[in-house]
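What the coordinates show
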Amino acid sequence: MLSRVSAPDSSSSWRFVILALCVLTPFGTVTMPNMSLPPMFGIISEELGLSLVEIGGIWGMVGFSGVFFAIIGGTIGDRLGARNMLFLICLFSGIFGLLRAFATDFVSLLLFSMLYGFAQGSVPVMVFKAMRQWIPGKNLGMASGIISAGFAGGLMLGPLLSTSVILPALGGWRQVLVLYGLLAIAISVLWLLLHPAGRHAEGEDGGAVSVLAGLRAAARIRNLWLMGIGGLGIGACFSGFSGYLPTYLKAVGWAPLDADRALSLFFLASLVCVVPISTLSDRLRIRRGFLVALALLLGLGVGALGLVAGALVLLVAVVTGSSFDSVMALQQTSVMEVEGVDNSLSGSALGMVTTIRNLGIAFAPPLGNSLAIYSAGLPFLFWGACGVCAALVFSVAYNPPRRATT
């Protein structure tokens, strides 16, 4: 079923099909299912008898297990091909995500969450690898922005719809998890049926490499380390502030609904701006300049949230949010344009950078939260500094000497 056959026709219609799949996959298997879970934690904890600490462990396990599989999954994807790998990881994401609905206690829910995190850990890596194989280099920024809009759409809609629409319609949190599991399985079938088997339309840059050879080759490229370290700062900045902002606003007197809407405005601004900004980076051909400026805006904006009050919080959230998904999209694009990264190595390169970035996502929230004992706004300054440091690192990651053409 997963064997390679002759190369597909490189018509533009195939590119649109693959791009649509690359948008649907993170929306339906990563961000929408994940962001639907926190609003249901109250119901889940009551039914399974979970403490607040145990709920935190469940929430963190998906991201933590994904740290370890992103680079391995990306390198395996170089070996198997994007189509085959996306079929497998979407299938297992659906199966393990669905199994969470049958958890009976903390241990079983934690185990299924860990397996789910392993399965979906390389989804962001592989959708960008598939995109690179089908989209011409001159349009990589625009395509990355469109894919990032898929991520952003799930981030925004997941918490808004899970308990207000989907859970009441289905009758319980277990049914919601079953629904998302079946959706991921359906997406895996779409990859198998709609993506042409065999090589991609633009032609391979090289043959498949072994897993260890791919890891060694990626680790020897200086700019990949710089992009990963910069991504670590971005991941730390975003994950820390996004988990803390609603709690902070409620603690300083905001109504619960208003506090949640402040974060939704951040995601809405990100969704609106990501495609235009990414497309503009293609047109002007100053990818690094955009990346540095947007990372700086994100860092300064997050830091400012600890200093402003009242309606200014909403204004800062909107302005800061306009940069987030654009930074993520342009970082992924820049990784694929690093000299020495061709199609045969793109999964390993993206996996390596994603793994380093995920370390910031995993460890920044508790580090920043620990500073709240000194001042409620101090965590924002810490996470903002992470974003500013990311901009500085991106500024020394030089551009490739030639534009990518695949």
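In this text, all values refer to a predicted model and were calculated from it rather than measured experimentally. (Residues numbered from 1 in each chain as written. Predicted model: local features only at pLDDT ≥ 70, side-chain atom pairs only at ≥ 80, totals over all residues. Heavy atoms only, no water.)

Time to look at the confidence of the model for the protein chain. In this model, the protein chain carries a mean pLDDT of 83, and residues with pLDDT of at least 70 account for 90%. Across residues 1–11, confidence stays below pLDDT 50; counting only partners more than four residues off in sequence or on other chains, it has 30 contacts. In the model, residues 200–206 has pLDDT below 50 throughout and makes 22 contacts with residues more than four positions away in sequence or in other chains. (pLDDT = per-residue confidence, 0-100. Contact = heavy atoms within 4.5 Å.)

For the rest of this paragraph, the subject is the environment of S348. Along the polypeptide, S348 turns up in helix α14 (residues 346–369). Taking the C-alpha atoms as reference, S348 lies 29 Å from L297; in sequence the two are 51 residues apart. Beyond its immediate sequence surroundings of up to four residues, S348 is in contact with I71, G74, T75, D78, G214, L215 and A218. (Helix = DSSP H or I, 4+ residues; strand = E, 2+ residues; numbered from the N terminus.)

Within the largest apolar cluster, 82 residues are counted, with the highest numbers of intra-cluster contacts made by M131, W191, L224, F241 and F380. Per-element tally for this core: the top contributor is helix α10 (residues 222–251), with twelve residues. Residue contacts for F380: discarding those within four places in its chain leaves F241, Y244, L245, Y248, V302, G303, L305 and G306. Membership of the second largest hydrophobic core comes to 19 residues, among which are I44, L48, I55 and L177. (Core = buried A, V, L, I, M, F, W, Y, C linked by side-chain atoms within 4.5 Å. Buried < 20%, exposed > 50% of the residue type's maximum accessible area, 1.4 Å probe, protein only.)

This part takes up the packing of α10 against helix α13 (residues 311–337). Running from N to C, α10 and α13 cross one another at 155°; their axes reach a closest spacing of 11 Å. Considered as vectors, α10 and α13 are oriented roughly antiparallel to each other. For the element pair α10 and α13, the recorded crossing hand is left-handed. Residues L224, M227, G231, I234, F238 and L249 of α10 lie in contact with α13, whose contacting residues are V313, F324, V327, M328, Q331, S334 and V335. A breakdown of the residues in the contact of α10 with α13 according to their chemical character gives ten nonpolar, three polar and no charged. (Axes fitted to C-alpha atoms, helices over the stretch in contact; angles between N-to-C directions. Parallel < 35°, antiparallel > 145°, perpendicular 65-115°, else oblique. Left-handed = near helix turned anticlockwise from the far one by under 90°. Nonpolar A, V, L, I, M, F, W, Y, C, P; charged D, E, K, R; others polar.)

A few words now on the pattern of salt bridges. For the structure on display, the rule yields three salt bridges. Two residues, R174 and E47, come together in a salt bridge whose shortest N-O distance is 3.0 Å. With R174 in helix α8 (residues 173–194) and E47 in helix α2 (residues 41–48), this residue pair connects regions lying 127 residues apart in the sequence. Residue R174 is classed as partly exposed on the basis of its relative accessible area, which comes to 24%. Take E47: its relative accessible area is 46%, and that puts it in the partly exposed class. (Salt bridge = Lys/Arg side-chain N within 4 Å of Asp/Glu carboxyl O.)

Side chains of residues three or four places apart in an α-helix project in the same direction, reflecting 3.6 residues per turn. Along its 27 residues, α13 runs 40 Å from first to last C-alpha, staying within 8% of the 39 Å computed at 1.5 Å per residue. Within α13, the axis deviates most sharply at T320, by approximately 25°. A large share of α13 lies buried, amounting to 21 of its 27 residues. (Expected span 1.5 Å × (residues − 1). Bend = angle between axes of the 7 residues up to and from the residue.)

The tally for this structure, following the rule as stated, stands at 14 aromatic pairs. Measuring from centroid to centroid gives 6.0 Å for F266 and F324, while their planes differ by 40°, and the two rings are tilted. Linking F266 in helix α11 (residues 256–284) with F324 in helix α13, this pair joins segments that are 58 residues apart in sequence. Among the residues examined, F266 registers a relative accessible area of 0% and is labelled buried. For F324, a relative accessible area of 4% corresponds to the buried category. (Phe/Tyr/Trp six-rings, centres within 6.5 Å; stacked < 30°, edge-to-face > 60°.)

Turning next to a nonpolar patch on the surface. Taken together, the side chains of F64, F68, F118, L232, L359, F363 and L367 present a nonpolar region at the surface, about 610 Å² in accessible area. Residue assignment for the nonpolar patch shows that the elements contributing at least two residues are α3 (52–80) and α14. Structurally, the position occupied by F363 is in helix α14. (Patch = residues over 30% accessible without salt bridge, like charges linked within 9 Å, V, L, I, M, F, W, Y side chains within 5 Å. Areas by Shrake-Rupley, 256 points an atom, 1.4 Å probe, with all protein chains shown as cover.)

This part takes up the side chain of T320. The topology assignment puts T320 in helix α13. For T320, the contacting residues outside a window of four places in its chain are F266, L297, L298, G301 and V302.

In a regular helix each residue adds 1.5 Å, so 19 residues correspond to 27 Å; helix α15 (residues 378–396) covers 28 Å between its end C-alpha atoms and thus fits that length. Looking at α15, one finds that the buried residues are P379, F380, W383, G384, C386, G387, A390, A391, V393 and F394.

Before going further, it helps to spend a moment on the packing of helix α7 (residues 140–170) against α11. Contact geometry of α7 with α11 gives a least axis separation of 7 Å together with a crossing angle of 175°. Classified by the interaxial angle, the pair formed by α7 and α11 is roughly antiparallel. Together, L140, G141, M142, G145, I146, S148, A149, A152, G153, L155, M156 and L160 of α7 and S264, F267, L268, L271, V274, V275, S278, T279, S281 and D282 of α11 make up the contact between the two elements. Along the lines of polarity and charge, the residues of the contact of α7 with α11 split into 13 nonpolar, eight polar and one charged.

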